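In case you want the letters, here they are:
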Amino acid sequence: MTILPPEVAQQLRQAQRVVVLTGAGISAESGVPTFRDAQTGLWAQYDPHQLATPQAFMRNPKLVWDWYAWRRDLVTKVVPNPGHYALVAIEQRVPNFNLVTQNIDGLHRKAGSHEIVELHGNIFRVRCFTENVLVEDWNDLIGKGLPHCPNCGGFLRPDVVWFGETLPVEALAHAVKASQSADFFLVVGTSGIVQPAASLPFEAIDRGAMLVEVNPEPTPISPYVSYTLRGAAGIILPALVVAAWPDQA
Ligand code: OAD
């Protein structure tokens, strides 16, 4: 059983500006596969170069669409877990809160979080591959083969960030700014190797924030954190909320 150091709960309770960075691990207990866990991770079973790059899409748009349609279907059927809900509780209890996620599954919003920065996009949105603009009401466009842009006729693509692409500029700027002013930074369920998301915790520690990691496994960020809480987010995060605000449990 993971011991929850009282200093972590105390610091969270007193924090003025909290930033949480999440990765695929927070959705694992909802049944969404992570990317890099051995055996079960998506990148252990599928080649990202065939599925998650602009070149892959140009080569075989149907394969990429079908893969994202499968993932969209999967995340439509799952529900947030206690880890997602614990982050909603933290947002309700601290003066300033930002949730920065690399996840495209929409589960933080489904759980009830509000201040969400989606660094890698959202699987439920699509945009035109040619014009790069979002397309609303695109569900009517599928079912007749590959969906095309109603404006220019080009292919539609999921509004997610692929390898080799830059992150949405405003989302990244917001995440960096929030990280630089955080006094408590929680990094949850990410392997911490995909940039620039993985550098956000360092923006926070450079300015004196307490950095706490929640992950069953060590990551490249682990050596730099103030505290590591080893275990599943769905167990650790609710326990952290109760420890920080025992009067509101
Ligand atoms: P990864 O699959 O790289 O890492 C998932 C992390 O979650 C690992 O460190 C696991 O140990 C941890 N984990 C597993 N189960 C957990 C649980 N129940 N509670 C807490 N942690 C758990 O996923 P990300 O770090 O999110 O990008 O990957 C970053 C990016 O790489 C993704 O956004 C995606 C991927 O390629 C793009 O597709 C652009």
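Scroll up for the structure.
Residues numbered from 1 in each chain as written. Predicted model: local features only at pLDDT ≥ 70, side-chain atom pairs only at ≥ 80, totals over all residues. Heavy atoms only, no water.

Visitor: Can you help me understand the packing of aromatic side chains in this one?
Guide: Aromatic rings in a pair are described by how distant their centres are and how their planes are angled relative to each other. Going through the model one piece at a time under the given rule, you end up with eleven aromatic pairs. Judged by centre distance (6.0 Å) and plane angle (55 degrees), the ring pair of Trp43 and Phe163 falls under tilted. Here Phe163 lies in the loop between strand E6 (156-160) and helix H9 (169-180) and Trp43 lies in helix H3 (residues 42-45), a separation of 120 residues in the sequence. Using a relative accessible area of 19% as the deciding quantity, one classes Trp43 as buried. Overall, Phe163 belongs to the partly exposed group, its relative accessible area being 37%. The interplanar angle of 35 degrees and the centroid separation of 5.5 Å between the aromatic rings of Phe57 and Trp162 together place this pair among those described as tilted. Here Trp162 lies in the loop between E6 and H9 and Phe57 lies in helix H5 (residues 54-59), a separation of 105 residues in the sequence. Considered together, Phe57 and Trp162 belong to a single accessibility category, that of buried residues. Ring pairs connect the aromatic residues Phe35, Trp43, Tyr46, Phe57, Trp67, Tyr68, Trp70, Phe129, Phe155, Trp162 and Phe163, which therefore count as one cluster. In this structure, Arg93 is placed above the aromatic ring of Trp245, and the distance from its NZ or CZ to the ring centre is 5.9 Å. (Phe/Tyr/Trp six-rings, centres within 6.5 Å; stacked < 30°, edge-to-face > 60°. Helix = DSSP H or I, 4+ residues; strand = E, 2+ residues; numbered from the N terminus. Buried < 20%, exposed > 50% of the residue type's maximum accessible area, 1.4 Å probe, protein only. Lys NZ or Arg CZ within 6 Å of the ring centre and 35° of its normal.)

Visitor: Would you explain the sheet that holds strand E2 (residues 96-101) in this entry?
Guide: In sheet architecture, strand pairing relies on hydrogen bonds along the backbone and comes in two forms, parallel and antiparallel. If you trace the six strands from one edge of the open sheet to the other, you get E3-E2-E1-E7-E8-E9, paired in parallel fashion. Each edge of the sheet is formed by a strand with only one pairing partner; in this case those strands are strand E3 (116-118) and strand E9 (227-229). Neighbour-to-neighbour, the strand axes of the sheet open up by a mean angle of 20 degrees, direction not taken into account. Pairing between strand E7 (residues 184-188) and strand E8 (residues 210-214): five bridges, direction parallel. Directly across from Val187, in E8, lies its bridge partner Glu213. Where H9 meets the sheet, its contacts fall on strand E1 (17-22), E2, E3 and E7, and the angle it forms with E3 comes to roughly 130 degrees. (Pairing = 2+ DSSP bridges. Axes fitted to C-alpha atoms, helices over the stretch in contact; angles between N-to-C directions. Contact = heavy atoms within 4.5 Å.)

Visitor: Explain the pairing of strand E4 (residues 121-128) to me, please; I cannot follow it from the model alone.
Guide: Across a regular strand the side chains alternate sides, sitting on one face of the sheet and then on the other. The buried fraction of E4 is high, at six of eight residues. Note: E4 against strand E5 (residues 134-135), two bridges, orientation antiparallel. Paired with Arg127 across the bridge in E5 is Leu134. Hairpin geometry of E4 and E5 is characterised by an intervening segment of five residues between the two adjacent antiparallel strands and by a positive phi of about 65 degrees at Asn132.

Visitor: How do you make sense of the side chain of Arg127 when you look at a structure like this?
Guide: By the element assignment, Arg127 lies in strand E4. On the basis of relative accessible area, Arg127 is assigned to the buried category, the value being 13%. A polar contact of 2.5 Å, which involves the side chain of Arg127, links it to the side chain of Asn132. The contacts of Arg127, once residues within four sequence positions are left out, are Asn132, Val133, Leu134, Val135, Phe155, Leu156, Arg157, Asp159 and Val160. (Polar contact = N/O pair within 3.5 Å; in protein donor to acceptor, adjacent residues only side chain to side chain.)

Visitor: Hey, could you run me through the nonpolar core in this one?
Guide: Soluble globular proteins tend to pack their nonpolar side chains together in the buried interior. Within the largest apolar cluster, 29 residues are counted, with the highest numbers of intra-cluster contacts made by Val18, Ile90, Phe184, Leu186 and Leu237. The set of elements that each furnish at least two residues to this core consists of helix H1 (6-14), E1, helix H7 (82-93), E2, E7, E8 and helix H11 (233-244). Here this core gets six residues from one element, more than from any other, and that element is H11. Setting aside residues no more than four positions away along its own chain, Phe184 makes contact with Val8, Gln11, Leu12, Ala15, Arg17, Val18, Val19, Ala209, Met210 and Val212. (Core = buried A, V, L, I, M, F, W, Y, C linked by side-chain atoms within 4.5 Å.)

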